[in-house]
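# What the coordinates show
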Amino acid sequence: MSKRRDLIKYRGALLEIGEIMKAMKNMALVEQRKIAKYFESQKQAVDALQNIADDFFPSFPELLNRPLKIDRPLYILIGSERGFCGDFNSSLTSYWENMERSSMLPDQYGLILVGSKLESRASGLHKIIKAVSGPSVAEDVSPFIFEFLELVRKSLIQEEPPTSVTVFFHLPDNYEITRKILLPIPVSEEKIKAARKKVPPTPLLYIDPREFFMDLVDNFLLVGLFFAFYSSLLAESKIRMEHMQSALDQLDKKVEELNKKANRLRQEEITEEIEVILLGSEALRKKIEKKNLL
């Protein structure tokens with residue numbers, strides 16, 4: 001009896017945990033839908049700014065950044081602030097370790113890590129300028145980015161400002177790690193040449209082209225960061241949801257096993273009770289027969 005009672009108590013504890021996890025999953029689903037809306041809007045904003053840049057630079061090619069003799073790129077790796085998201089952070093670490101082993105990185109570069117969980121796994125990476133805590137929910141992204149922009153602008157690589165800024169993050173559709181160049185604005189020379197052959201009309205500007213260019217650069221950097229962080233948060237949220245569902249499935253499976261085990265124990269107890277009753281009845285019958293003989 002005590003064994004079955006302990007089993008039922010354990011099953012009850014698992015059911016309580018399951019209810020808590022279901023509530024957490026529902027909250028995570030609401031958060032995921034919110035992030036998805038922000039992600040889609042930022043994706044459209046990035047595409048719009050890229051189209052503006054593609055239309056602008058053919059008429060003002062002198063504003064394009066020329067190749068530099070010394071490249072000092074700033075790289076940003078976006079990890080997670082929270083756990084329970086599988087290999088989300090370790091995959092970023094492995095990705096960058098492969099980059100370090102390859103010949104793809106220049107001699108001079110700086111690395112910024114975003115996310116406490118990423119920092120704990122990536123402390124062995126080289127040339128880390130700064131490691132900062134990142135946003136954990138959608139509402140954290142906006143205030144974080146405006147502070148983070150200051151960090152990016154003040155970052156120095158061997159006491160010199162970076163020549164480019166590139167961010168690495170997870171995509172929400174397939175969880176692959178991608179890179180996005182934020183500065184300088186990526187416009188290929190081929191596009192410029194093809195556009196100039198068509199003699200595109202000069203954009204009608206109400207401000208000086210250089211002033212427009214500076215605003216375009218600032219907005220491209222800002223919107224690009226928003227896009228990258230919402231993409232990373234959305235991917236992280238989806239992975240976390242999958243892990244929570246997997247945990248719930250395992251919990252349901254465990255509860256079902258405990259139900260079967262409890263039923264078997266109950267059947268054994270009933271059998272024992274019947275045997276006790278039968279033995280008692282047999283002993284009583286023999287006692288009555290013996291009394292009658294006397």
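As a starting point, this report considers the structure included with it. All values reported here derive from a predicted model rather than from experimental measurement.

### Topic: a negative patch on the surface
A cluster of acidic side chains, namely Asp208, Glu211, Asp215 and Asp218, defines a negative patch on the protein surface. Tracing the backbone through its elements, the reader meets glutamate 211 in helix 6 (residues 209–293).

### Thoughts on the sheet that holds strand 4 (residues 164–170)
Taken together, the five strands give an open sheet; going across it, the order is 3-2-1-4-5, and neighbouring strands pair in mixed fashion. Looking at strand neighbours, the two that pair on one side only are strand 3 (128–132) and strand 5 (177–183), the edges of this open sheet. Between one strand axis and the next, the sheet turns through 20° on average, direction left out of account. Here five bridges tie strand 1 (residues 73–78) to strand 4, and the two strands are oriented parallel to one another.

### Concerning the pattern of salt bridges
Under the criterion given, the structure shown has five salt bridges. Lysine 22 is the partner of glutamate 19 in a salt bridge, and the nearest nitrogen-oxygen pair spans 3.9 Å. Of this pair, glutamate 19 and lysine 22 are both found in helix 1 (residues 2–56), three residues apart, which corresponds to roughly one turn of the helix. Judged by relative accessible area, which is 52%, glutamate 19 ranks as exposed. With relative accessibility at 37%, the residue lysine 22 sits in the partly exposed group.

What counts as what
Residues numbered from 1 in each chain as written. Predicted model: local features only at pLDDT ≥ 70, side-chain atom pairs only at ≥ 80, totals over all residues. Heavy atoms only, no water. Patch = residues over 30% accessible without salt bridge, like charges linked within 9 Å, V, L, I, M, F, W, Y side chains within 5 Å. Areas by Shrake-Rupley, 256 points an atom, 1.4 Å probe, with all protein chains shown as cover. Salt bridge = Lys/Arg side-chain N within 4 Å of Asp/Glu carboxyl O. Lys, Arg positive; Asp, Glu negative; His and termini not counted. Charge placed at Lys NZ, Arg CZ, Asp CG, Glu CD. Helix = DSSP H or I, 4+ residues; strand = E, 2+ residues; numbered from the N terminus. Pairing = 2+ DSSP bridges. Axes fitted to C-alpha atoms, helices over the stretch in contact; angles between N-to-C directions. Buried < 20%, exposed > 50% of the residue type's maximum accessible area, 1.4 Å probe, protein only.

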